[in-house]
Amino acid sequence: MRRKLPALTWVLMCAASLACTAAWCDDDDGPGHDNEHAARDMIAAGRHTFRFDTFGDEAFWGDTLRLHQAIEGSRFGGVGAGVSPKTALAVGLKVDVDALPGSLIQALRRGQVNLDDPATTLALLKLNAVIGVTGFFSPGGSSLRSIGIQCALCHSAVDNSLAPGIGHRLDGWANRDLNVGAIVALAPDLSAVATLLRVDQATVRKVLAAWGPGKFDAELLLDGKGFRPDGNTAATLIPPAFGLAGVNLHTWVGWGSVTHWNAFVATLEMHGKGTFFDPRLADAEQFPVAARAGFDNVRNDPDLVSSKLPALHFYQLALAAPAAPRGSFSAAAAGRGQRVFQASHCDSCHVPPTFTEPGWNLHTPAELGIDDFQANRAPARGYRTAPLKGLWTHLAGGFYHDGRFATLAAVVDHYDVQFSLHLSPQEKSDLVEYLKSL
Ligand code: HEC
Ligand code: HEC
């Protein structure tokens, strides 16, 4: 519709808009101008979806798993002791300070808020202040009726400006504090998951308990593998969802593009009401659970996901990796480390500025000198060259898809052996400083 408005209307609308700078309005009143407005609208709509849209997944998390009952506790009509804000923060949930009224912020600053009482958690949910979680309350607001989750749950952090875990939103940051497994395991009824996986609920709970902070297993509901052959959890680290513009294959194992993955996650993982088509999931050998559940071709009516994908995709690509703060690395060492990065041919795969290959950015496990367990859980059977921008935001949880290298120094040691680099201790530490500076 917008495109049909005469240019003059746009100029008048622009002049009336406080958000519009004079330079921007004068700039261009042709079709390019329309595109800029549309781009801003897309970013706003995509941000809203990323932060607040449950895609109707409360039908799963609340109505089916009854997670909301564990959160409110028996005192408010649910089950068990309920979840206090202290517990919620301890499992990595974050609170958006911008959703809190001034009086509450003051009370929090003065330590006058009872963080041990599940009633406070319910109040925070009513304010829509728990990042990535939406509570649906009964009409009078007295009890929690259901609960849904959003993208922001795993892919947002806060700047801790008010207190640890309470601050301004940082969209796209990997929440490496978040213990998804512990949160899901609170659900009183996991029979839906157990039935899907053809195991008992105790087994599901064992798998969830093994995930630990910062991890989630996006392939569990496809192949039913809860553990690696070495007995460790099969879950992978939550990656950042910023710095992805210009990156071809996405996820640790290169499932596809950002929008492929957005549709996948919203429909198959979050259990939103969407449409998802990917015939690769019909392979009963690689994806036994997905194949028998028909995840290769999911349709919902109404479809609450598909109409949101264009703006969500646009927003994802608009999220730039944040620059490393001054003082968080040694600039002199990072400068030397950049030369080590080049001389060691790290940049043959991690090509700046995306730090992944323009083109088909996938490698065999053998090239990297690591096992093929996780690679074999995706159709391409490889590992995607991880984009390295903003590494400093996810120093917790380790590196590589499963966090097998606890520190950047351990990553560098691995490459030193794998590629026979023979780096000196000084070169190694310079390289680490460079990685921290990206
Ligand atoms: C429960 C936690 C969780 C939620 C909720 C979640 N994600 Fe993710 N996301 C992950 C994990 C874990 C991966 C890595 C998966 C893999 O590589 O197999 C991932 C991967 C991604 C990637 C790929 C990043 C890269 O480096 O290529 C994008 C993009 C993404 N998610 C976007 C989204 C969007 C958009 C939503 C909401 C529709 C969402 N995610 C919801 C945990 C989550
Ligand atoms: C053959 C291509 C290739 C080369 C060469 C290469 N990398 Fe990588 N890099 C990858 C892939 C693929 C991954 C993802 C591995 C995984 O997901 O398990 C990765 C992951 C990483 C990570 C972890 C990122 C994260 O988010 O966990 C760092 C750090 C890294 N590489 C740094 C380097 C450095 C430094 C060098 C040079 C010494 C280098 N890489 C050389 C392909 C390469």
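Everything that follows concerns the structure shown earlier in this document.
Note that the structure is a prediction, hence the values are computed from the model and not measured.

## Some remarks on helix α7 (residues 102-109)
Alright, step 1. In terms of burial, α7 is a largely surface element, zero of the eight residues being buried.
Alright, step 2. Gly-111 sits one or two residues past α7 and shows a positive phi near 70°.

## Observations concerning the packing of helix α14 (residues 258-269) against helix α16 (residues 309-318)
Alright, step 1. Contact geometry for α14 and α16: axes closest at 10 Å, N-to-C directions at 120°. On the basis of the axis angle, α14 is oblique to α16. Remark: the crossing between α14 and α16 carries right-handed chirality. Residue-level contacts link Val-258, Thr-259, Asn-262 and Ala-263 of α14 to Leu-309, Leu-312, His-313, Gln-316 and Leu-317 of α16.
Alright, step 2. In terms of residue class, the contact of α14 with α16 is built from five nonpolar, four polar and no charged.

## A short note on the site of ligand 1
Alright, step 1. Around ligand 1, a shell composed of 25 residues is seen, among which Cys-151, Cys-154, His-250, Thr-251 and Trp-252 lie nearest.
Alright, step 2. Where the shell around ligand 1 is concerned, the elements lending two or more residues are α9 (152-155), α14 and α16.
Alright, step 3. At five residues, the largest contribution of residues to the shell around ligand 1 is made by α14.
Alright, step 4. Residues belonging to the shell around ligand 1 are distributed by class as follows: 19 nonpolar, six polar and no charged.
Alright, step 5. When residues are assigned to domains, the shell around ligand 1 turns out to be shared by domain 2 (58-189) and domain 3 (258-318), each giving three or more.

## Section: unusual backbone geometry
Negative phi is the rule for most residues except glycine; trans is the rule for most peptide bonds.
Alright, step 1. The omega torsion of the bond from Asp-301 to Pro-302 falls at 5°, within 30 degrees of zero and hence cis.
Alright, step 2. Structurally, Pro-302 can be placed in the loop between β10 (297-298) and α16.
Alright, step 3. Residue Pro-353 is reached from Pro-352 by a cis peptide bond, and omega for that bond is 5°.
Alright, step 4. Residue Arg-66 is not a glycine yet carries a positive backbone phi of 60°.
Alright, step 5. In this fold, Arg-66 is placed in the loop between α4 (58-64) and α5 (67-72).
Alright, step 6. With phi around 55°, His-422 is a residue other than glycine that occupies positive phi space.
Alright, step 7. On the secondary structure map, His-422 appears in the loop between α19 (408-418) and α20 (425-437).
Alright, step 8. Overall, His-422 belongs to the exposed group, with 9 C-beta atoms counted inside 10 Å.

## Quick look at the packing of α19 against α20
Alright, step 1. Between α19 and α20, whose axes approach to 9 Å, the crossing angle comes to 125°. Relative to α20, the element α19 is oriented oblique. Between α19 and α20 lies a crossing whose hand is right-handed. Of α20, the residues touching α19 (which contributes Leu-408, Ala-409, Val-412 and Asp-416) are Lys-428, Leu-431, Val-432, Leu-435 and Lys-436.
Alright, step 2. Counted by class, the contact of α19 with α20 contains six nonpolar, no polar and three charged residues.

## Things to note about the site of ligand 2
Alright, step 1. Near ligand 2 there are 25 residues, and of these Cys-346, Cys-349, Phe-399, Tyr-400 and Tyr-415 occur at the shortest range.
Alright, step 2. Residue contributions to the shell around ligand 2 peak at four residues, all from α19.
Alright, step 3. For the shell around ligand 2, the residue count by class is 16 nonpolar, seven polar and two charged.

## Quick word on the pairing of strand β2 (residues 133-137)
Alright, step 1. As judged from the five bridges shared by β2 and strand β3 (residues 144-149), these two strands associate in the antiparallel manner. Bridge pairing in β3 links Phe-137 to Leu-144.
Alright, step 2. Taking the residues that link successive antiparallel strands as the turn, the β2-β3 hairpin has six residues, and the phi of Gly-141 there is positive, at about 85°.

What counts and what doesn't
- Residues numbered from 1 in each chain as written.
- Chains lettered and ligands numbered in written order.
- Predicted model: local features only at pLDDT ≥ 70, side-chain atom pairs only at ≥ 80, totals over all residues.
- Buried ≥ 20, exposed ≤ 12 C-beta atoms within 10 Å, placed from the backbone.
- Helix = DSSP H or I, 4+ residues; strand = E, 2+ residues; numbered from the N terminus.
- Axes fitted to C-alpha atoms, helices over the stretch in contact; angles between N-to-C directions.
- Parallel < 35°, antiparallel > 145°, perpendicular 65-115°, else oblique.
- Left-handed = near helix turned anticlockwise from the far one by under 90°.
- Contact = placed C-beta atoms within 7 Å.
- Nonpolar A, V, L, I, M, F, W, Y, C, P; charged D, E, K, R; others polar.
- Near = placed C-beta within 6 Å.
- Domains from an automatic or database assignment.
- Pairing = 2+ DSSP bridges.

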